[in-house]
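In case you want the letters, here they are:
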Amino acid sequence: MPFARAIDAEIHYEDSGGGGPVVLLGHEFLMDRTMFASQQAALTPEFRIVTWDARGHGRTRDEGLPFTYWTSARDALTVLDQLGAERAVVGGISQGGFIALRTALLAPGRVAALVLLSSEAHEPTPAELTNARRFLDKWYEDGPRPALAEYLARWLIGDDDWYRAVWVKRWLARDPNATEVAAGALLGRDSVLDRLSEITCPTLVIHPTRSGVPRSHARELADRLPNAHYLEIEGARQTVNMTHPVAVNTAVREFLRDLTPPPPRAFSAQFGSR
């Protein structure tokens, strides 16, 4: 089972392998690398898809200490080091997008492009902080937790009964303390709006219109990035890569192919018939 070793954590990742360009994908808060199963199936082997578990999630091992998304960005670079990848496309959904942006700011030379889904560059709003605190306080109580998990699943996923059941089961098995620590990074994140002009690599911004990210925030993210393409997926919720995989996979594939044009044909193929 592959792990990349940081100073105080072992970061679990899954590597599709192959000789294509590396695409490193980070997951949504409270989820894990398995949420990208559709992308792995659709984009491999043309691209080498690497998914990883952030601290407090999945099979990553850490000490349960507070961390920030800048720490997580360094974890992403640690995974690239483990792979021997000097440059990669870095992306993610929501929390994974927050981390991808910070990875590009920390190491612009190592990020060939960004793929950002359901993400933004803003800090949390006061309303987000208040609502999240109420949610987390109730999450510690055994009685309300199943109903809260169901509510969260419908908010993130929507009407897909199978996906909702899978994730509710996982959430109810989680240690509430691990959720609290991971939430600290989410709710304590800083704004990087004023630094977006530093990120000059090509970027794909995908915004599902029923996500928790305001459309104005997604648009501002794309508008402030110097080299961004913006795409909306109508009616989709936060976990758009799971619930609308065809639309997401098609957009990501086209974006990645534009980054890596096919090699020129051999001399004989170009001129041999003349």
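Residues numbered from 1 in each chain as written. Predicted model: local features only at pLDDT ≥ 70, side-chain atom pairs only at ≥ 80, totals over all residues. Heavy atoms only, no water.

Moving on, we get to the confidence of the model for the protein chain. Across the protein chain, the average pLDDT comes to 93, with 95% of residues at 70 or higher. Counted against residues more than four places away or in other chains, residues 266–274, with its pLDDT under 50, gives three contacts. (pLDDT = per-residue confidence, 0-100. Contact = heavy atoms within 4.5 Å.)

Let us now look at the side chain of Gln-40. If you trace the backbone, Gln-40 turns up in helix H1 (residues 37–43). Here Gln-40 falls in the buried class, since its relative accessible area comes to 15%. Residue contacts for Gln-40: discarding those within four places in its chain leaves Glu-14, Ile-49 and Thr-51. (Helix = DSSP H or I, 4+ residues; strand = E, 2+ residues; numbered from the N terminus. Buried < 20%, exposed > 50% of the residue type's maximum accessible area, 1.4 Å probe, protein only.)

In the structure shown here, the tally under the stated rule is three aromatic pairs. Centre to centre, the rings of Phe-135 and Trp-139 are 5.4 Å apart; their planes meet at 20 degrees, and the pair counts as stacked. Of this pair, Phe-135 and Trp-139 both sit in helix H4 (residues 126–139), four residues apart, roughly one helical turn. Judged by relative accessible area, Trp-139 falls into the buried class, the value being 2%. When the ring of Trp-162 is compared with that of Tyr-163, the centres are 5.3 Å apart and the planes differ by 65 degrees; the resulting orientation is edge-to-face. Using a relative accessible area of 60% as the deciding quantity, one classes Trp-162 as exposed. Judged by its relative accessible area of 18%, Tyr-163 falls in the buried class. Above the ring of Phe-3, the side-chain terminus of Arg-61 is found at 4.1 Å from the ring centroid. (Phe/Tyr/Trp six-rings, centres within 6.5 Å; stacked < 30°, edge-to-face > 60°. Lys NZ or Arg CZ within 6 Å of the ring centre and 35° of its normal.)

Attention shifts here to the layout of surface pockets. Here the largest pocket is characterised by a volume of approximately 730 Å³. In this structure, the largest pocket is lined by 28 residues; those nearest its centre are Glu-128, Ala-132, Leu-152, Trp-155 and Leu-186. The set of elements that each furnish at least two residues to the lining of the largest pocket consists of H4, helix H5 (145–157) and helix H7 (176–187). Looking at which element gives the most residues to the lining of the largest pocket, the answer is H4, with six residues. Taken together, the residues that form the lining of the largest pocket break down as 16 nonpolar, seven polar and five charged. Roughly 260 Å³ of internal volume is contained in the second largest pocket. Along the wall of the second largest pocket there are 13 residues; nearest its centre are Gly-56, His-57, Gly-58, Arg-170 and Arg-174. Of the residues forming the lining of the second largest pocket, the biggest block, three residues, is contributed by helix H6 (residues 161–172). Class assignment for the residues of the lining of the second largest pocket results in six nonpolar, three polar and four charged. (1 Å grid on protein atoms, 1.4 Å probe; cavity = no way out; pocket = protein on both sides within 12 Å on 5 of 7 lines; lining within 4 Å. Points joined across faces, edges and corners; volume = space filled by probe spheres on them. Nonpolar A, V, L, I, M, F, W, Y, C, P; charged D, E, K, R; others polar.)

As a further point, take H7. The first and last C-alpha atoms of H7 sit 16 Å apart over 12 residues, in line with the 16 Å expected at 1.5 Å per residue. Every buried residue of H7 is accounted for by Pro-176, Thr-179, Ala-182, Ala-183, Ala-185, Leu-186 and Leu-187. Against helix H2 (69–83), helix H3 (95–106), H4 and H5 lie the buried residues of H7. (Expected span 1.5 Å × (residues − 1).)

Before going further, it helps to examine the pattern of salt bridges. As enumerated under the stated definition, the model contains 23 salt bridges in all. The salt bridge partner of Arg-257 is Glu-46, with a shortest N-O separation of 2.8 Å. One end of the pair, Arg-257, is in helix H10 (residues 245–259); the other, Glu-46, is in the loop between H1 and strand E4 (48–52), with 211 residues separating them in the sequence. A residue is classified by how much of its surface remains accessible, and Arg-257, at 43% relative accessible area, is partly exposed. (Salt bridge = Lys/Arg side-chain N within 4 Å of Asp/Glu carboxyl O.)

Among all residues except glycine, the phi angle is most often negative; among peptide bonds, the trans geometry is most common. In the segment running from Thr-44 into Pro-45, the intervening peptide bond is cis, with an omega of 5 degrees. Following the sequence through the fold, Pro-45 ends up in the loop between H1 and E4. At Ser-118, a residue that is not glycine, the phi angle is positive and equals roughly 50 degrees. With respect to the secondary-structure elements, Ser-118 resides in the loop between strand E7 (111–117) and H4. By relative accessible area, which is 0% here, Ser-118 ends up buried.

Using the criterion set out here, one finds two cavities of 30 Å³ or more in the structure. Space inside the largest cavity adds up to approximately 50 Å³. As for the largest cavity, its lining consists of Leu-25, Phe-36, Gln-39, Val-115, Leu-117, Asn-241, Val-248 and Val-252. Taken together, the elements giving at least two residues each to the lining of the largest cavity come down to E7 and H10.

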